[in-house]
Amino acid sequence: ELKVEQNPLFLSMQEGKNYTIYCNYSTTSDRLYWYRQDPGKSLESLFVLLSNGAVKQEGRLMASLDTKARLSTLHITAAVHDLSATYFCAVGPDKLIFGTGTRLQVFP
Amino acid sequence: NAGVTQTPKFRVLKTGQSMTLLCAQDMNHEYMYWYRQDPGMGLRLIHYSVGEGTTAKGEVPDGYNVSRLKKQNFLLGLESAAPSQTSVYFCASSYTGERTQYFGPGTRLLVL
């Protein structure tokens with residue numbers, strides 16, 4: 001059974017700081033997705049990582065995938081308040097299995 | 001393009017009542033999905049469809065039925081609602097199983 005674990009579950013960080021969210025999964029997969037969810041809203045796609053060693057960046061967020069270690073990371077650089085949200089990783093394809101999410105709170 | 005839309009946005013049911021949630025997409029996607037999201041948990045797949053006329057079970061299918069009579073619509077039915085089905089339901093669609101899934105705004109369901 002495929003399991004997806006994220007840590008930390010909750011992250012409170014100061015503006016300007018860097019941090020990394022980790023996503024571990026239990027079986028072989030070469031597709032990893034990152035989503036963002038604002039409170040009371042739907043999910044917004046951030047990244048799709050398709051192969052080992054894939055790295056994608058958008059603004060202050062950078063995601064990477066190591067399929068051998070079954071690990072994906074979402075790195076936040078110089079956090080700003082607008083990044084406050086819950087971040088989910090999900091492993092696919094087809095039937096996505098989601099992690100429990102990391103709730104990120106950025107304060108001044 | 002409206003993307004993925006869901007009807008209704010919010011509903012209150014009494015235990016034992018039935019209802020149907022409607023999902024519609026205008027992106028000509030083949031794949032459609034129904035998820036539920038409970039507090040402190042990620043999304044869990046209920047049922048999905050890989051094309052018109054097809055359906056398949058996901059991770060938590062019990063108590064739900066689905067139909068995909070038209071490519072653009074995916075219906076989720078609750079025949080006899082239970083309090084354990086109180087949740088937020090999200091529909092999603094994708095062009096293929098490997099492509100990004102696009103999510104609807106969600107339906108908040110409360111079963112008393």
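Q: Tell me about the overall build of chain A, and name the residues and values.
A: The helix and strand inventory of chain A stands at zero helices and eleven strands. What you see in chain A, going N to C, is helices and strands ordered as β-β-β-β-β-β-β-β-β-β-β. Scaling as 2.2 N^0.38, a compact globule of 108 residues should have a C-alpha radius of gyration of about 13 Å, and chain A matches this with 13 Å. Seen along its three principal axes, the alpha-carbon backbone of chain A occupies a region of about 40 × 30 × 20 Å. Within chain A, buried positions represent 45% of all 108 residues. Residue pairs at least 24 apart in sequence account for 54% of intrachain contacts in chain A once pairs closer than 6 positions are excluded. Approximately 5400 Å² of chain A is accessible, and the part contributed by carbon and sulfur atoms is 48%. Positive and negative charge centroids in chain A, built from 11 and 10 side chains respectively, lie 2 Å apart.

Q: Tell me about the pattern of salt bridges, and please be specific about residues and values.
A: Two side chains bearing opposite charge may form a pair once their charged atoms approach each other closely. Residue and element names in this part refer to chain B. A full pass over the atoms with the stated rule returns four salt bridges over all chains. The partner of E30 in a salt bridge is K71, with the nearest N and O atoms 2.8 Å apart. Highlighted residues: E30 in the loop between β3 (19–25) and β4 (31–37) and K71 in the loop between β7 (65–67) and β8 (73–78), separated in sequence by 41 residues. For E30, a relative accessible area of 30% puts it in the partly exposed group.

Definitions and cut-offs
- Chains are numbered independently. Their residues run from 1 in the order of the written sequence.
- Key to labels: chains lettered from A, ligands numbered from 1, both in the order written.
- Local features are withheld for residues below a pLDDT of 70 in this predicted model, meaning they are given only at 70 or higher, and side-chain atom pairs are given and counted only at 80 or more; totals for whole chains, interfaces and linings count all residues.
- To get the side-chain values, all heavy atoms of the structure are used, and hydrogens and water are removed first.
- Only runs of H or I of at least four residues qualify as helices and only runs of E of at least two qualify as strands under DSSP, and these elements are numbered from the N terminus.
- Atoms considered for the radius of gyration are the C-alpha atoms alone. The globule rule reads 2.2 Å times the number of residues to the power 0.38.
- With a 1.4 Å probe rolled over the protein chains alone, any residue whose accessible area is under 20% of its type maximum counts as buried; one over 50% counts as exposed, and the rest are partly exposed.
- Note on definitions: a residue-residue contact is assigned when non-hydrogen atoms from the two residues lie within 4.5 Å.
- Working definition of accessibility: Shrake-Rupley area with a 1.4 Å probe, residue cover restricted to the visible protein chains.
- His is not counted, nor are the chain ends, whereas Lys and Arg count as positive and Asp and Glu as negative.
- To locate a charge, take atom NZ for lysine, CZ for arginine, CG for aspartate or CD for glutamate.
- Salt bridges are defined as contacts in which a side-chain nitrogen from Lys or Arg sits within 4 Å of a carboxyl oxygen from Asp or Glu.

Read these as spatial facts, not as claims about activity.
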